[in-house]
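Chain residues, written in single-letter form:
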Amino acid sequence: MSPDRDALIQPADYRPPGSLGSGSPGAPRGPRSSAWWLIAVVVALLLPVGWFLLTARAVTIQVEPPPDRLAISGGLSLHFGGHVLLRSGQYRLHAEKDGYQPLDTELAIADDSRQAAFTMTKLPGRLQLISTPVAAISVDGQPAGSTPQEALELPAGKHQLSLTAPRHQPQQIEVDIEGLGKLQTLTVELKPGWAPIAVSSRPAGAEVSIAGQPQGKTPATLELGAGAVELEFRLPGYKPRRLPVQVVANQPQTLPEVLLESADATVQLSSTPDGASVTVDGAFRGRTPLALSLTPGTPHALVLSRDGHENAEARLTLAAEERKTLALNLTPILGVLKLSLTPADAVLRIDGETRSLGDGRLELAATTHRIEAAKSGFRPYGGDITVRRGVDQKLDIVLQSEAELKAAANPALISSATLGLRLRKIAPGSFTMGTPRSDQGRQANEVQHPVRLTRPYYLATTEITNAQFRQFRSGHSSGIVSRASLDNEGHPVVRVSWDDAVAFCNWLSGKDGLPAAYNADGSLVQPLTTGYRLPSEAEWEWAARFHGDGAPRRYPWGNAMPPPPDSGNFADARAGTLVNQILDGYDDGHAATAPVGKGLAIAPGLYDLGGNVSEWVHDRYDGAIVPSMAAVSDPFGPASGAEHVVRGSSWRHGRITELRLAWRDHAREPRDDLGFRVARYVE
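The rules behind each value
Residues numbered from 1 in each chain as written. Predicted model: local features only at pLDDT ≥ 70, side-chain atom pairs only at ≥ 80, totals over all residues. Heavy atoms only, no water. Salt bridge = Lys/Arg side-chain N within 4 Å of Asp/Glu carboxyl O. Helix = DSSP H or I, 4+ residues; strand = E, 2+ residues; numbered from the N terminus. Buried < 20%, exposed > 50% of the residue type's maximum accessible area, 1.4 Å probe, protein only. Phe/Tyr/Trp six-rings, centres within 6.5 Å; stacked < 30°, edge-to-face > 60°. Lys NZ or Arg CZ within 6 Å of the ring centre and 35° of its normal. Pairing = 2+ DSSP bridges. Axes fitted to C-alpha atoms, helices over the stretch in contact; angles between N-to-C directions. Core = buried A, V, L, I, M, F, W, Y, C linked by side-chain atoms within 4.5 Å. Contact = heavy atoms within 4.5 Å. Patch = residues over 30% accessible without salt bridge, like charges linked within 9 Å, V, L, I, M, F, W, Y side chains within 5 Å. Areas by Shrake-Rupley, 256 points an atom, 1.4 Å probe, with all protein chains shown as cover.

Draft legend 1. Spatial organisation of the pattern of salt bridges. Applying the stated criterion across every chain, the model contains 35 salt bridges. Between Glu-541 and Arg-545 there is a salt bridge, with its nearest N and O atoms 2.9 Å apart. Here Glu-541 and its partner Arg-545 are both found in helix H5 (residues 537-546), 4 residues apart, which amounts to about one turn of the helix. Accessibility classification places Glu-541 together with Arg-545 in one group, the buried group. Taken together, the shared-partner salt bridges connect Glu-537, Glu-541, Arg-545, Arg-647 and Arg-664 into one network.

Printed below as a string of structure tokens:
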């Protein structure tokens, strides 16, 4: 310590540098003045920041997955930690991450906002699909080409793939696409959809076929598709043999050897008279005429028997596949029927064959016979009688006329006095119009609904011909189609409008002394008259499909395809140059229209309700039929509509849809395959 450590320290007089004097007015500012200015500037800058900090709120922004780059625009934001300071308002958030779609979305901050969450979407992935063999691809049920192909671009996530190839089993695969623009490769080997099937027969060399298609000759190994099949084995001199097989894909099978039996011999057997019962070696085999199959190399005893006749017998031994024709006569056992008939000139039929009464003593086979007698104006007689050997029987037939006289006012068949046109009486009835949904070829406008016809009516047995229509309009021509004439006298008139047909009906009513059925505007006169008119659609369908035995008819010839010969005039081979679709193997002899009344008659004796030409009916067309459980009585269709219903197929039609009697069409203009027939009420 210095010796003067205890010396008193005195304050020194201090002046700031540059100072001229304390507090002189004009003196320069010193450091204290500059500091205050600096403080003022800092305060001015910090006030907005403070205001922002006081009015902003911390919001947690969550983006999944965490982005590589994140930006918020649209206002002041301050990031700290895992939070962002933001004031209330609308902002724009933009985030980016490799492998994901850029996220650019609106960010709304409210007074109570504390958190905002967003999810980024992966970029699609690419799938390279390779298969053996080449296969058709569908992704999530949608076709996607076939292998091999360029990589498919698919959204990230699970997808259902389906691969199909001929003769292979389809394969379903679930694939998880990673996305992020990455390429994934999938290799698939489809399993065979067939299996090798080894077949053999004794003797060998039999041709094996499936549904008539040859597959090879035994012994053979067949490659058959999976499923149930029936193999047929054929070898000349042997009976065909069928063998059901269940083929399991990719599982070989060796079938048991098929033993073939020698083919039967055949006898074409007939008798006089027909209808004899046939037994072979004591077993009943049918009635003559009859084709018999017999075991070859074995003697057989044939016995033919028929009521009222002696038995006929024969013995046969035939070789394999031998064909023989045999005709046997049965000797009748006779009895006597003494018959009287009043009136004496009535027609007598016995078992459907017209007989002369002569002296009234008839020798008949000793069996039951059908006796019928008829004369115009009288009730016909029909009955059965059993004639016995050695016994004279007597039968007196007296025809009654009251029923025929009663029916004379409304006969079953009438003719137009002017045209000679024949019309058949159709009894009324109830039926279900239209077809069920399951009917092959059905159209949407064939909705089923109950209909009741309460009044008997007459319907022309044929369509109106060119000759008949020209008596009304002499200058009409039905024209030609290609080189086929539609103008022949006996052919149905075509190229007539609905209004033409209605005008013809009123003309014919006037000629035959009947009241007109139509007003000038084409509406029906009320109350309905007995004048000629177009049939209602319900009357047409009742006559075509139901009248007779009551069972609905599908086609004019019956209920199955194809049509037998002479079923009607349809789109046959001769019409091949005129129409798009024909009935293969069918030839009705006419390229276009045909003479009326030459086709197959439907039950009540009505012709060409199917085939030749389609027909106008009265009803206006309305495709929107609303099903109803309540039966409609005597309908004549909607009150308005620009088109009219057309029923029945024509020479242009060869498809199942149009050939059905239930088919409904509609038209506004005349056509070269569209005509009409007339109807009228009985009373």
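Following the structure, the description resumes.
Draft legend 2. The arrangement of the environment of Gly-282 in detail. Tracing the backbone through its elements, the reader meets Gly-282 in the loop between strand E25 (277-280) and strand E26 (283-287). When its relative accessible area of 70% is taken as the criterion, Gly-282 is described as exposed.

Draft legend 3. Structural view of the packing of aromatic side chains. Within this structure, the stated rule accounts for 14 aromatic pairs. Between Phe-504 and Phe-676 the ring centres are 5.5 Å apart and the planes differ by 70 degrees, which places this aromatic pair in the edge-to-face class. With Phe-504 in helix H4 (residues 498-511) and Phe-676 in the loop between strand E51 (674-675) and strand E52 (679-681), this pair connects stretches of sequence that are 172 residues apart. For the pair Phe-504 and Phe-676, a shared accessibility class is recorded, and that class is buried. Aromatic ring contacts, followed pair by pair, group Phe-469, Phe-472, Phe-504, Trp-507 and Phe-676 into a single cluster. Cation over ring: Arg-455 sits above Tyr-681, and NZ or CZ is 3.7 Å from the ring centre. A cation sits over an aromatic face here: Arg-533 above Tyr-681, 4.5 Å from the ring centre.

Draft legend 4. Quick look at the sheet that holds strand E30 (residues 323-329). Taking strand neighbours across the sheet as the criterion, the 3 strands line up as E27-E24-E30 in an open arrangement whose pairing is mixed. Each end of this open sheet is capped by a strand with a single partner; those strands are strand E27 (290-294) and E30. Sheet twist, expressed as the mean angle between neighbouring strand axes with direction ignored, is 25 degrees. Where strand E24 (residues 265-272) lies against E27, 5 bridges are found, and the strand directions are antiparallel. The residue of E27 that forms the bridge with Gln-268 is Ala-291.

Draft legend 5. Representation of H5 within the structure. Of all 10 residues in H5, 10 are buried, a share of seventy percent or more. Of the residues making up H5, those classed as buried are Glu-537, Ala-538, Glu-539, Trp-540, Glu-541, Trp-542, Ala-543, Ala-544, Arg-545 and Phe-546. Directly after H5, the chain includes Gly-548, whose backbone phi takes a positive value near 120 degrees.

Draft legend 6. Representation of the pairing of strand E36 (residues 381-386) in the model. Two strands pair when backbone bridges link them, and strand E35 (residues 368-374) and E36 are joined in this way by 6 bridges, in the antiparallel orientation. What sits directly across from Arg-370, in E36, is Asp-384. Between the end of E35 and the start of E36, which pair antiparallel, lie 6 residues, with Gly-377 showing a positive phi angle near 90 degrees.

Draft legend 7. Inspection of the nonpolar core at higher detail. Ranked by size, the top nonpolar core spans 53 residues in total, and within it Phe-504, Leu-534, Phe-676 and Val-678 carry the most contacts. With 7 residues, the single largest contributor to this core is H4. The contact partners of Val-678, leaving out residues within four places of it in the chain, are Leu-421, Leu-423, Tyr-458, Leu-459, Ala-460, Ile-464, Phe-504, Cys-505, Tyr-532, Arg-533 and Pro-535.

Draft legend 8. Quick look at the sheet that holds strand E1 (residues 57-64). Spatial ordering of the open sheet is given by E3-E4-E1-E7, a layout of 4 strands whose pairing is mixed. Each end of this open sheet is capped by a strand with a single partner; those strands are strand E3 (77-80) and strand E7 (115-119). Put simply, the sheet's adjacent strands are angled 30 degrees from each other on average, direction ignored. Where E1 meets E7, 5 bridges bridge the pair, whose relative direction is parallel. When the bridges of E7 are listed, Val-63 appears paired with Phe-118.

Draft legend 9. The arrangement of a nonpolar patch on the surface in detail. Residues Leu-38, Val-42, Leu-46, Val-49, Leu-53, Leu-78 and Phe-80 make up a contiguous nonpolar surface patch of about 620 Å² in total accessible area. The dominant element in the nonpolar patch, judged by the number of residues it contributes, is helix H1 (residues 31-55), at 5 residues. As for its placement among the helices and strands, Phe-80 is situated in strand E3. Residue classification places Phe-80 among the partly exposed residues on the basis of a relative accessible area of 37%.

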